[in-house]
Amino acid sequence: MPETLPRHAEVAVVGAGIMGLATGIFLARAGREVVVLDRGEPWREASGVNAGSLGVQNKRLPLVPFTLEALKLWRGARELFGGDVGYVPSGGLRVATTPEDVIRLAASAEEQRAAGSATEWLEGPALAARAPWIGPAVRAATFSAEDSFAIPLSAGPVLVEALRQAGGRIVPDVAVRAVTGTARGAQIESPVGTLACRSAVIAAGAWSGELARTAGAALPVGLEVNMLTITEPADLVMDRLVSHVRGILTLKQYPNGTCMIGGGWQGQGTLADLRKDVDHAMLIHNLRVAAEVVPGLARLAIVRSWAGYEGSTPDALPLFGRLPGHEHVYVTASCRGGFTQGLLFGRLMAELVTTGQTSMPVAAFDPARFAA
Amino acid sequence: MSPGVSPRRGGRAAGVARGEAFELRVDGGRVPAHAGETVAAALLAAGRRALRWTAGRGEPRGVYCAMGVCGECIMVVDGEPGVRTCVTLAAPGMTVQTQHGWTAPEADDATARAGGAA
Amino acid sequence: MITADVAVVGAGPAGLAAAAEAARHGLSVTLLDDNPLPGGQYYRQGPATRVPDGNRGHPRDARARELLSVVDHPRVTFLAGAVVWAAPEARTLAFSHAGRGHRLRAEVIVIAAGASDRAVPFPGWTLPGVLTAGGAQNLLKSQGVLPGRRALVAGTGPLLLVVADSLRRAGATVVEVVEAAPIRAWQALPRLALAPGLLRRGLAYRLGLQRARVPFRPGHTVIEARGRDEVAEAVVAPIDGDGRVDRARARTLAVDTVVVGFGLVPSTELTRLLGCRHEWQRARGGWIPWRSAELETSVPGVLVAGDGAGIGGVETAVLEGRLAGLVAAERLGRGTGAEVGAARGPLRRRLRRLARFREGIEAMHRPPPTFLSLLTPETTVCRCEEITAEQLDAAVARGLPIDAVKAHTRATMGRCQGRNCLGTLADLVARARGCGPADLAWPRPRPPARPVRLGDLLGEDLPPASGPELALP
């Protein structure tokens, strides 16, 4: 039966990606009446089309404790959410391919260690023994047992079902035009009707800036058009998540044998045109780096490529908290690292909405830091 | 019974001037082939039709499109899995093996090529 | 970057004819095909085509030889084994060849990529021994190899007769030919008479079958292939114009091979990547690129000739190829307008007559638009990912669009890039939503147009990288 937009709900969440669904699940489990809205089908944007990397090594330092906590949720996802999200505890190698990279990697490893994420330094024969499939272009790498990955296509249906089981509702195909504060809460306006609620949570990824603007808050959410490529299924090529210290590469091999190649290389498109086109030259640069780091990839055929929209912030830190000037409108947008941290930020947002407090210190992510 | 003609299935059409004859090593046995024939054609002529077993349900697959676009006829050729036999010319000394899922039957070969232990 | 006056993708009859005509007018032509030898499907070269058999004296032989010789023309550069995988810029193609990536820029691009067999799933269709009519033709006519000994030929369209004839000549027993459409020949005769040569050939195939006592049953189709590791028997049953199967009258046939020919589907990966507008015409194979009378698509400089623009057979393909070559010559200022116009007129008239012949065939053969009635819950629909009708149905029944069904099931994400299942998936979604396939949003085109070896793409000349933001640790 098609879902129609209700006129009232206790909490309205705009965006049915990982942020919105996780927020909805934890709110529903806390007894709140929750409706999660999306401009299309749930899980169709960044959450559904990203590379699935769950890494701690590539996170900015303030995010390390949050990532470590979020990874616990991923590890326990089957019990927590009642399904197989395709989690693979692969461990991960962060690689350096130039002398400058090596210096940066060493400094970063030290900082990460201090922040609670210890890694193992590998180079030369030790690296070759641990990862014989790593190419000679890799001068050094740090290994973290925490780095891992999941299968986005598997995780989506699990979270959607978990939300429903908890009593939450999802209404797809609602192109929310505006989120506004009202005397007693907030209001969601759309072409298919208006929804009044006590609290509204903007969890709309790359669209969060647009929506915040309708509520009178100017948040600098930029757009990234991240490209991904996937190969034919193949026998074992690599058994760890791979990332590059300069952020120009991610690699993983799924249980079905396909290899996913990413790294944030930019395709083309805007929020207005929704093109999400692959950029030819950038794609090949991405593939070159991949083949340099794991030469065994060169013999595989690429079968599909695509691009997805992700939000970005000027300081590469999430937006989390009440919208400036609002009491009942919130925003949670991780904007890079969202897939890793989304389950946790959903729980924290549920805490904030229901109790006014969070179990982890989120002041650094206050959207007010961008208010003029 | 003429050489290279399976008693039950497959076979070669008469009246065709074929190139040099040789043999392919197929799963430890031998299959006749001629210059200009594809690996799949040589196997079909010998009545060999199940070429691989799928990764998921372990079902048999063989030639379907015969023009290189469906990916069903893939086998391990000279140690390399995923080779489309319908568009690969047979050559003297070539080794062909049934593909199970995405790997060669001797997993050691595959992991050795990938560089070592899992 | 390679440059040429004309780039022709596909060295089948349409591509060869286009290249020949363009070269004749003094244009430089780069001709690309992913096969090791030119010829496409109709003129696929192999051991059995060195000495023509059974078609001795057939006019196609001489024409085939003439067309194939175009790769030796001094102004034609033929790149065998070239895989065109992307269209990075206007009038530019990216391809891999001899282990390296290349770009080709041309004033006129002629896409002559042909077609492939429409995939119609039914229980047991993935068994070894079930193969396409096009595939069987390749094996029989160019490799000279039998796919089996006792064959059922099933599907719809004139290709069934052709492949049944080829099987018989090669020494196989054709147990039965089942044509899904009822034949209404009397409605079609006036149009069929427009192409007497084709009509004669068609009748000759029918007579040959009759003489060999091969039953030809219109209004019937295959509903199952059975066997353990390969086909051991097949089941046929009556089917009506709406696609309803009368299983009560099913019969089992002892065969080791099922050749299935449900029509051809134009290969539109490249025209879609190039941004051409497409129209849905079921009778011509589904999505076909819109073309002007000059065979130009909605993208200036991109022409399409042959089965890639809608199924018309080899005669149409050759004529369209020649017309495309003429249009290219005119565009590039070779050949006077009068000369080109003089040649174009007769070509166009012949194309119109062939089109009416084709319409006659289509009036004769009006098969059911879809064969979804053949599906059982356990039938594999996505062969590569092993996804059954039942698994698809969970998502389809919710009325989800194609992209969402893909995401929920992984259908179309396999190695064949959806060639064998996207059509069925679209039909299922359309049926659930109560509309036609053309009313649905289809997946956006993305490279690679074909699977292409990663290592073969790396050598392309590119502007220096402007990479992603450096991740700040």
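Residues numbered from 1 in each chain as written. Chains lettered and ligands numbered in written order. Predicted model: local features only at pLDDT ≥ 70, side-chain atom pairs only at ≥ 80, totals over all residues. Heavy atoms only, no water.

### Some remarks on the overall build of chain B
Then comes step 1: Looking only at helices and strands, one finds 2 helices and 9 strands in chain B.
Then comes step 2: The order of α-helices and β-strands along chain B, N terminus first, is β-β-β-α-β-β-β-β-β-β-α.
Then comes step 3: In chain B, once contacts between residues fewer than 6 apart in sequence are set aside, the share between residues at least 24 apart is 42%. (Helix = DSSP H or I, 4+ residues; strand = E, 2+ residues; numbered from the N terminus. Contact = heavy atoms within 4.5 Å.)

### Quick word on the overall build of chain C
Then comes step 1: When helices and strands are tallied, chain C shows 13 helices and 23 strands.
Then comes step 2: In terms of overall size, chain C behaves like a compact globule, its C-alpha atoms giving a radius of gyration of 23 Å where 473 residues would be expected to give roughly 23 Å.
Then comes step 3: Seen along its three principal axes, the alpha-carbon backbone of chain C occupies a region of about 70 × 65 × 40 Å.
Then comes step 4: Residues classed as buried in chain C amount to 58% of the 473 residues present.
Then comes step 5: Long-range contacts, defined here as pairs at least 24 residues apart, represent 67% of the contacts in chain C between residues at least 6 apart. (Rg over C-alpha atoms; globule rule 2.2 N^0.38 Å. Buried < 20%, exposed > 50% of the residue type's maximum accessible area, 1.4 Å probe, protein only.)

### Some points on the nonpolar core
Then comes step 1: Ranked by internal contacts, the top residues of the largest apolar core, which has 78 residues, are I188, L251, V293 and L297 of chain A.
Then comes step 2: Sequence-distant contacts of L297 of chain A, that is, excluding residues within four places in its chain, are made with V237, M238, L251, C259 and A290 of chain A together with L454 of chain C.
Then comes step 3: Ranked by size, the runner-up nonpolar core spans 53 residues in total, among them F66, L71, A150 and M360 of chain A. (Core = buried A, V, L, I, M, F, W, Y, C linked by side-chain atoms within 4.5 Å.)

### Things to note about the sheet that holds strand β8 (residues 130–132) of chain C
Residues and elements named next belong to chain C.
Then comes step 1: Spatially, β8-β16-β10-β11-β12 is the arrangement adopted by the 5 strands of the open sheet, whose pairing is parallel. Whereas interior strands pair on both sides, the edge strands pair on one side only; in this sheet they are β8 and β12 (216–218). On average, each strand axis in the sheet is tilted by 20° relative to the strand beside it, whichever way the strands run.
Then comes step 2: Both β8 and strand β16 (residues 257–261) contribute to a ladder of 3 bridges, which runs parallel. Each residue of the ladder has a partner; that of V130, found in β16, is V258.
Then comes step 3: Along the sheet, helix α4 (residues 133–143) contacts β8 and β16; its crossing angle with β8, the most-contacted strand, is approximately 85°. (Pairing = 2+ DSSP bridges. Axes fitted to C-alpha atoms, helices over the stretch in contact; angles between N-to-C directions.)

### Here we look at the sheet that holds strand β15 (residues 251–253) of chain C
Residues and elements named next belong to chain C.
Then comes step 1: Ordered in space as β13-β14-β15, the 3 strands form an open sheet in which the pairing is antiparallel. Each of the sheet's edge strands pairs with one partner strand only, and the pair in question is β13 (220–226) and β15. Across this sheet, the average inter-strand angle for adjacent strands is 30°, counted without regard to direction.
Then comes step 2: Bridge count for β13 against strand β14 (residues 233–238) is 6 bridges, and the pairing is antiparallel. Residue pairing across strands places A225 opposite A234, the latter belonging to β14.

### A closer look at the interface of chain B and chain C
Then comes step 1: Contact residues are listed per partner, giving 41 residues for chain B and 45 residues for chain C.
Then comes step 2: Counting the surface lost from both chain B and chain C, the interface buries some 3,600 Å², and carbon and sulfur atoms represent 49% of this.
Then comes step 3: Summed over the three residues of chain B that lose the most area to chain C, namely R49, Y64 and M67 of chain B, the buried surface amounts to 22% of that side.
Then comes step 4: Run the count over chain B and chain C and you get 2 salt bridges. (Buried area = accessible area lost by both parts, 1.4 Å probe. Salt bridge = Lys/Arg side-chain N within 4 Å of Asp/Glu carboxyl O.)

### Section: the pattern of salt bridges
Then comes step 1: Applying the stated criterion across every chain yields a total of 52 salt bridges over all chains.
Then comes step 2: A salt bridge links E45 of chain A to K276 of chain A; the shortest N-O distance between them is 2.8 Å. Within this pair, whereas E45 of chain A is found in the loop between β2 (34–37) and α2 (46–49), its partner K276 of chain A is found in the loop between β15 (259–262) and α9 (280–293), the two being separated by 231 residues in sequence.
Then comes step 3: With a relative accessible area of 15%, K276 of chain A lands in the buried category.
Then comes step 4: With a closest N to O distance of 3.5 Å, R347 of chain A and E351 of chain A form a salt bridge. Of the two residues, R347 of chain A and E351 of chain A both sit in helix α10 (residues 338–355), 4 residues apart, roughly one turn of that helix.
Then comes step 5: One continuous salt-bridge network, built from bridges that share partners, spans R52, R57, E59, R61 and E72 of chain B together with R383 of chain C.

### Digging into the packing of aromatic side chains
Then comes step 1: For the coordinates displayed, the defined rule picks out 14 aromatic pairs over all chains.
Then comes step 2: Judged by centre distance (5.7 Å) and plane angle (85°), the ring pair of Y64 of chain B and W125 of chain C falls under edge-to-face. One end of the pair, Y64 of chain B, is in the loop between β5 (60–61) and β6 (74–77); the other, W125 of chain C, is in the loop between β7 (115–117) and β8, on a second chain.
Then comes step 3: Site record: aromatic cluster; members linked through ring pairs are F66, F320, F345 and F365 of chain A. (Phe/Tyr/Trp six-rings, centres within 6.5 Å; stacked < 30°, edge-to-face > 60°.)

### Notes on the side chain of T119 of chain A
All names here are of chain A.
Then comes step 1: Topologically, T119 is positioned in the loop between α5 (99–114) and β5 (120–123).
Then comes step 2: Overall, T119 belongs to the buried group, its relative accessible area being 15%.
Then comes step 3: Not counting residues up to four positions away in its chain, the partners in contact with T119 are Q57, A109, R113, T142, F143 and S144.

### Structural notes on the pairing of strand β9 (residues 178–182) of chain A
Residue and element names in this part refer to chain A.
Then comes step 1: Pairing between β9 and strand β10 (residues 185–190): 5 bridges, direction antiparallel. Bridge assignment links T182 to a residue of β10, and that residue is G185.
Then comes step 2: In this structure, the hairpin formed by β9 and β10 is closed by a connection of 2 residues.

### Description of helix α9 (residues 313–331) of chain C
Note on helix geometry: an α-helix contains 3.6 residues per turn, so any two residues three or four positions apart are oriented the same way.
Then comes step 1: Between the first and last C-alpha of α9 of chain C there are 27 Å, a value that for 19 residues agrees with the 27 Å anticipated at 1.5 Å per step.
Then comes step 2: G333 of chain C, located one to two residues past α9 of chain C, shows a positive phi value of around 75°. (Expected span 1.5 Å × (residues − 1).)

### Regarding the interface of chain C and chain A
Then comes step 1: Taken together, the contacts link 43 residues of chain C with 48 residues of chain A.
Then comes step 2: Both faces combined, the contact of chain C with chain A buries some 3,700 Å², and carbon together with sulfur accounts for 61% of it.
Then comes step 3: Joining chain C to chain A, the criterion identifies 2 salt bridges.
Then comes step 4: A salt bridge links E232 of chain A to R415 of chain C; its shortest N-O distance comes to 3.1 Å.

### Some words on helix α7 (residues 152–165) of chain A
Residues and elements named next belong to chain A.
Then comes step 1: Its 14 residues give α7 an end-to-end C-alpha distance of 20 Å, which sits within 8% of 20 Å, the value for a rise of 1.5 Å per residue.
Then comes step 2: Those residues of α7 not exposed but buried are P152, A155, G156, V158, L159, V160, A162 and L163.
Then comes step 3: Looking one or two residues past α7, G167 carries a phi angle of roughly 100°, positive in sign.

### Focus on the packing of helix α12 (residues 402–409) of chain C against helix α13 (residues 422–433) of chain C
All names here are of chain C.
Then comes step 1: Contact pair α12 / α13: the axes reach a minimum separation of 10 Å and the direction vectors enclose 115°. For the pair α12 and α13, the crossing hand works out as right-handed. For the pair α12 and α13, contact is made by I402, V405 and K406 and by L422, L425, A426 and V429, respectively.
Then comes step 2: Looking at the contact of α12 with α13, its residues break down into 6 nonpolar, no polar and 1 charged. (Left-handed = near helix turned anticlockwise from the far one by under 90°. Nonpolar A, V, L, I, M, F, W, Y, C, P; charged D, E, K, R; others polar.)

### Focus: the confidence of the model for chain C
Residue and element names in this part refer to chain C.
Then comes step 1: Of the residues in chain C, 92% reach a pLDDT of 70 or more, and the chain-wide mean stands at 90.
Then comes step 2: Long-range and interchain partners of residues 469–473, a stretch whose pLDDT sits below 50, account for 15 contacts in this model, where long-range means more than four residues apart.
Then comes step 3: The ipTM assigned to the predicted complex is 0.93, against a pTM of 0.93. (pLDDT = per-residue confidence, 0-100.)

### Focus on the pairing of β6 of chain B
All names here are of chain B.
Then comes step 1: What you see with β6 is no split at all: I74 and V76 on one side and M75 and V77 on the other are buried throughout.
Then comes step 2: As defined by bridge partners, β6 adjoins strand β7 (residues 80–84) across 3 bridges and the pair is classed as antiparallel. In the strand pairing of β7, V77 is matched with E80.
Then comes step 3: By the bridge criterion, 2 bridges tie β6 to strand β8 (residues 95–97) in an arrangement that is antiparallel. For V76, the partnering residue across the bridge sits in β8 and is Q97.

### Concerning the state of the cysteines
Then comes step 1: One pass over the structure, following the stated rule, counts 0 disulfides over all chains.
Then comes step 2: Among the cysteines around C86 of chain B, which has no disulfide bond, C73 of chain B carries the closest sulfur, lying 3.7 Å off. (Disulfide = S-S within 2.5 Å.)

### Re the environment of R94 of chain A
Residue and element names in this part refer to chain A.
Then comes step 1: On the secondary structure map, R94 appears in strand β4 (residues 92–96).
Then comes step 2: Residue classification places R94 among the buried residues on the basis of a relative accessible area of 2%.
Then comes step 3: Separated by 105 residues in the primary sequence, R94 and S199 have C-alpha atoms spaced 41 Å apart.

### Thoughts on the environment of A90 of chain B
Then comes step 1: Within the secondary structure layout, A90 of chain B lies in the loop between β7 and β8.
Then comes step 2: Those residues in contact with A90 of chain B, other than ones at most four positions away along the chain, are F22, L24, A33, E37, T38 and V39 of chain B.

### Overview of the environment of I111 of chain C
All names here are of chain C.
Then comes step 1: Mapped onto the elements of the fold, I111 is located in strand β6 (residues 100–111).
Then comes step 2: Separated by 291 residues in the primary sequence, I111 and I402 have C-alpha atoms spaced 27 Å apart.
Then comes step 3: With residues up to four places along the chain from it excluded, the contact list for I111 reads V9, L270, T271, L274, V302, L303, V304 and A305.

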